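Architecture at a glance
Chain by chain, the residues run as shown.
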Amino acid sequence: MSVLPLVFTSGWASGINAYAVVLLLGIFGATGLSDDVPESLQRPEILITAGVLFLCEAVADKIPYVDSVWDSVHTVIRPAAGAWVGALLAGQSGSLSDLAAGAIGGSTALASHTVKAGTRMAINTSPEPFSNLVMSTAEDLGVAGILTFAMFHPEAAAIIAGVLLLAGLLALFFLNSRIRRFLRRRAQRREERRLAERVGQPPD
């Protein structure tokens, strides 16, 4: 069976929470739940590192504005992780070239990361903090649920991931005005801080 559906689903999930993907796949392989997981993802040091970083993301992802800073830092990390996981899965399966799998996993991760980061910018325009908590929890549960589902029904999981990705891109298009407002406010706050620092400097 081709590993392509699993590569696509893991790429989508990596764009949302790359550490959860590495951690879950490693656990699936270490417990014998799946034979498609390469041994490199099952190594204890990989599982421990992914677990610690997952906990860090679980906290940062639920704090308004901190989540957007975290997303900015992970603009490169998540697509790279999606490409890396995809290439490893392809190497384990042998049904897809590593290069093609890396390109699929990385590009899918970049697309879903763009949706996540943009959606968080729009949410941060709201004055209440609960939206971040609800959205982050839904993302964590969605990644865990769909990735687990992919272990048993990879094609169906890939279809679900594709539908969610398309829906996210459409939502991002309609949220564009709120995102621009968020960026303007952030730029304004930076300018205000810069002016305050200049005022606070002693004269020469």
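Use the structure listed above.
Here's what I pulled together on the structure shown here. Quick caveat: nothing in here was measured; it's all calculated off a predicted structure.

One broad rule of soluble globular proteins: the nonpolar side chains tend to lie buried together. Membership of the largest hydrophobic core comes to 30 residues, with the highest contact counts inside it found for W12, V21 and L25. Residue assignment for this core shows that the elements contributing at least two residues are α1 (4–30), α2 (44–60), α3 (66–93), α4 (98–123), α5 (130–152) and α6 (154–174). Among the elements that make up this core, the one with the highest residue count is α1 (12 residues). Discounting chain neighbours no more than four positions away, the residues touching L25 are V37, L41, V85, L147 and M151. Core analysis: the second largest hydrophobic core is formed by 5 residues, A122, L172, I179 and F182 among them.

Residues R180, R181, R184 and R185 make up a contiguous surface patch of positive charge. Tracing the chain through its elements places R180 in helix α7 (residues 176–200). For R180, a relative accessible area of 43% puts it in the partly exposed group.

We now examine a nonpolar patch on the surface. A cluster of nonpolar side chains, L166, L170, F173 and F174, forms an exposed patch at the surface whose accessible area comes to about 510 Å². Positionally, F174 belongs in helix α6.

Turning our eyes to something else, we now look at the packing of α1 against α3. Remark: α1 packs on α3, axes separated minimally by 8 Å, with the N-to-C direction vectors making an angle of 110°. The orientation of α1 relative to α3 falls into the category roughly perpendicular. With respect to the hand of their crossing, α1 and α3 are arranged in right-handed fashion. For the pair α1 and α3, contact is made by L6, V7, S10, S14, G15, I16, A18, Y19, V21, V22 and L25 and by W70, H74, I77, R78, A81, G82, W84, V85, G86 and L89, respectively. Each residue belonging to the contact of α1 with α3 can be placed in one class, and the counts come to 14 nonpolar, 6 polar and 1 charged.

In this structure, V69 sits in helix α3. Residue classification places V69 among the exposed residues on the basis of a relative accessible area of 51%. With 102 residues separating them in the primary sequence, V69 and A171 have C-alpha atoms 21 Å apart.

Before going further, it helps to spend a moment on the packing of aromatic side chains. The relative placement of two aromatic rings is captured by the distance of their centres and the angle of their planes. The final tally for this structure, using the stated rule, is 1 aromatic pair. Their ring planes at 80° and their centres at 5.4 Å tell us that F173 and F174 sit as a pair that is edge-to-face. With respect to class, F173 is no different from F174; both count as exposed.

Before going further, it helps to examine the side chain of R120. Mapped onto the elements, R120 comes out in helix α4. Judged by relative accessible area, R120 falls into the buried class, the value being 0%. One polar contact links the side chain of R120 to the main-chain carbonyl oxygen of D61, over a distance of 2.7 Å. Within the structure, R120 has its side chain in polar contact with the side chain of E139 (distance 2.8 Å).

Now for the environment of D67. With respect to the helices, strands and loops of the structure, D67 is situated in helix α3. Look at D67 and you get buried, because its relative accessible area is 0%. For the pair formed by D67 and E57, sequence separation is 10 residues and the distance between their alpha carbons is 8.5 Å. Excluding anything up to four places from it in sequence, D67 contacts A60, D61, R120, N124 and N132.

Parameters at a glance
- Residues numbered from 1 in each chain as written.
- Predicted model: local features only at pLDDT ≥ 70, side-chain atom pairs only at ≥ 80, totals over all residues.
- Heavy atoms only, no water.
- Core = buried A, V, L, I, M, F, W, Y, C linked by side-chain atoms within 4.5 Å.
- Buried < 20%, exposed > 50% of the residue type's maximum accessible area, 1.4 Å probe, protein only.
- Helix = DSSP H or I, 4+ residues; strand = E, 2+ residues; numbered from the N terminus.
- Contact = heavy atoms within 4.5 Å.
- Patch = residues over 30% accessible without salt bridge, like charges linked within 9 Å, V, L, I, M, F, W, Y side chains within 5 Å.
- Areas by Shrake-Rupley, 256 points an atom, 1.4 Å probe, with all protein chains shown as cover.
- Salt bridge = Lys/Arg side-chain N within 4 Å of Asp/Glu carboxyl O.
- Lys, Arg positive; Asp, Glu negative; His and termini not counted.
- Charge placed at Lys NZ, Arg CZ, Asp CG, Glu CD.
- Axes fitted to C-alpha atoms, helices over the stretch in contact; angles between N-to-C directions.
- Parallel < 35°, antiparallel > 145°, perpendicular 65-115°, else oblique.
- Left-handed = near helix turned anticlockwise from the far one by under 90°.
- Nonpolar A, V, L, I, M, F, W, Y, C, P; charged D, E, K, R; others polar.
- Phe/Tyr/Trp six-rings, centres within 6.5 Å; stacked < 30°, edge-to-face > 60°.
- Polar contact = N/O pair within 3.5 Å; in protein donor to acceptor, adjacent residues only side chain to side chain.

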